[in-house]
Amino acid sequence: MITMDDIVREGDPVLRENAEEVSLPPTDEDKHILGEMLQFIKNSQDEEIAEEYNLRAGVGIAAPQIGISKRMLAVHFTDFKDKEYSYGLFNPKIISHSVEKTYLPGGEGCLSVDREVPGIVPRYARITLRATTLEGDEVKLRLKGYAAIVVQHEIDHLNGIMFYDHINSENPQEIPDNATSAD
Ligand SMILES: CNC(=O)c1cccc(C)c1Nc1nc(N2CCN(c3ccccc3Cl)CC2)nc(N2CSC[C@H]2C(=O)NC)n1
Ligand code: NI
């Protein structure tokens, strides 16, 4: 199982690399890894397991965060409208997005960042995504609000971008004019 010991922390160059496309159909090894990533996220949200294995809670993880520079990510969460999202995705690609932006009022956290980095992280409010799921289906997902934020945070990891790269260093709490809070 994946534990916090497998999570690469900021400073490791793999987090600043452009991850490689996964060749499709995915190999059994790639499917196993992505399945383990999804299981880690579920475990991190289970009070007993998280306590037992000292896991930090997250709703998403990208392969570079376990030292694998491949375009794979896993998300598992319920959004503010109680819609469940549980996906392992290969080669996710944002094919269109809104002009409007959104953000988490509490800022963002990252399993690879062992410190609080306060500030508003502006993200597209709505995205349309193409990807291949863990089950091998090619999907086109239209995401908004929290789901859009989480997936953009994880796709950033595939492009060597950390959430704090988006924070306005002059005024971290500044809310961009075309941004509304996700809640
Ligand atoms: C510094 N301030 C903050 O972190 C922050 C502070 C307040 C509010 C928010 C909303 C913040 N922000 C933030 N909170 C989260 N969680 C809320 C708690 N939750 C969770 C915790 C326990 C059990 C189950 C679960 Cl579900 C896990 C997820 N997650 C992310 N991110 C950024 S997008 C990827 C995602 C991620 O998985 N990060 C590890 N940001
Ligand atoms: Ni992260």
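Our structure's up above, just so we're on the same page.
Residues numbered from 1 in each chain as written. Chains lettered and ligands numbered in written order. Predicted model: local features only at pLDDT ≥ 70, side-chain atom pairs only at ≥ 80, totals over all residues. Heavy atoms only, no water.

## Looking at the overall build of the chain
The secondary structure content of the chain amounts to 3 helices and 8 strands. Counted from the first residue to the last, the chain has its helices and strands arranged as α-α-β-β-β-β-β-β-β-α-β. Relative to its length of 183 residues, the chain is compact, with a C-alpha radius of gyration of 16 Å against a globular reference of 16 Å. Taken along its principal axes, the extent of the C-alpha atoms in the chain is 45 × 35 × 35 Å. Looking at the chain residue by residue over its 183 residues, the buried ones come to 50%. Of the roughly 9500 Å² that the chain leaves accessible, carbon and sulfur atoms contribute 46%. Of the charged side chains in the chain, 18 are positive and 33 negative, and the gap between their average positions amounts to 9 Å. (Helix = DSSP H or I, 4+ residues; strand = E, 2+ residues; numbered from the N terminus. Rg over C-alpha atoms; globule rule 2.2 N^0.38 Å. Buried < 20%, exposed > 50% of the residue type's maximum accessible area, 1.4 Å probe, protein only. Areas by Shrake-Rupley, 256 points an atom, 1.4 Å probe, with all protein chains shown as cover. Lys, Arg positive; Asp, Glu negative; His and termini not counted. Charge placed at Lys NZ, Arg CZ, Asp CG, Glu CD.)

## Observations regarding the sheet that holds strand β7 (residues 138-144)
Read from one edge of the open sheet, 5 strands run β1-β2-β3-β6-β7, paired in antiparallel fashion. The open sheet has two free edges, formed respectively by β1 (60-62) and β7, since each of these has just one partner strand. Strand-to-strand twist of the sheet, defined as the mean angle between neighbouring strand axes without regard to direction, takes the value 40 degrees. Two strands pair when backbone bridges link them, and strand β6 (residues 126-133) and β7 are joined in this way by 7 bridges, in the antiparallel orientation. Along β7, the bridge assignment pairs Thr-132 with Glu-138. Helix α1 (residues 28-44) rests against β1, β2 (72-78) and β3 (84-97) of the sheet, and its axis sits at about 30 degrees to β2. Helix α3 (residues 145-158) contacts β1, β2, β3, β6 and β7 of the sheet and is inclined by roughly 160 degrees relative to β2. (Pairing = 2+ DSSP bridges. Axes fitted to C-alpha atoms, helices over the stretch in contact; angles between N-to-C directions. Contact = heavy atoms within 4.5 Å.)

## Notes on the coordination of the nickel ion (ligand 2)
Taken together, Cys-110 (SG), His-153 (NE2) and His-157 (NE2) make up the protein donors of the nickel ion (ligand 2), found 2.1 to 2.3 Å from the metal. Considered as a linear motif, the donors of the nickel ion (ligand 2) on their single chain read C-x42-H-x3-H. Here His-153 and its partner His-157 are both found in helix α3, 4 residues apart, which amounts to about one turn of the helix. (Donors = N, O, S within 2.8 Å, 3.2 Å for Na, K, Ca; no water.)

## Side note on unusual backbone geometry
Following Leu-24, the chain continues into Pro-25 via a peptide bond in cis, with omega recorded as 0 degrees. Unusually for a residue other than glycine, Asn-91 sits at a positive phi of about 45 degrees. Secondary-structure assignment places Asn-91 in strand β3.

## Let's talk about the packing of aromatic side chains
What characterises a pair of aromatic rings is the spacing of the ring centres plus the angle enclosed by the ring planes. Under the counting rule described, the total for this entry stands at 4 aromatic pairs. With a centroid separation of 5.0 Å and 15 degrees between ring planes, the pair formed by Phe-77 and Tyr-85 is classed as stacked. One exposure class covers both Phe-77 and Tyr-85, and it is buried. Here Phe-163 and Tyr-164 contribute two aromatic rings whose centre-to-centre distance is 5.4 Å and whose plane-to-plane angle is 70 degrees, an arrangement assigned as edge-to-face. Overall, Phe-163 belongs to the buried group, its relative accessible area being 2%. An aromatic cluster of three or more residues is present, and its members are Phe-77, Phe-80, Tyr-85 and Tyr-146. Geometry around Tyr-85 places Lys-83 over its ring, the cationic atom sitting 4.7 Å from the centre. Cation over ring: Arg-115 sits above Tyr-164, and NZ or CZ is 5.0 Å from the ring centre. (Phe/Tyr/Trp six-rings, centres within 6.5 Å; stacked < 30°, edge-to-face > 60°. Lys NZ or Arg CZ within 6 Å of the ring centre and 35° of its normal.)

Shape descriptors only; they carry no functional weight alone.
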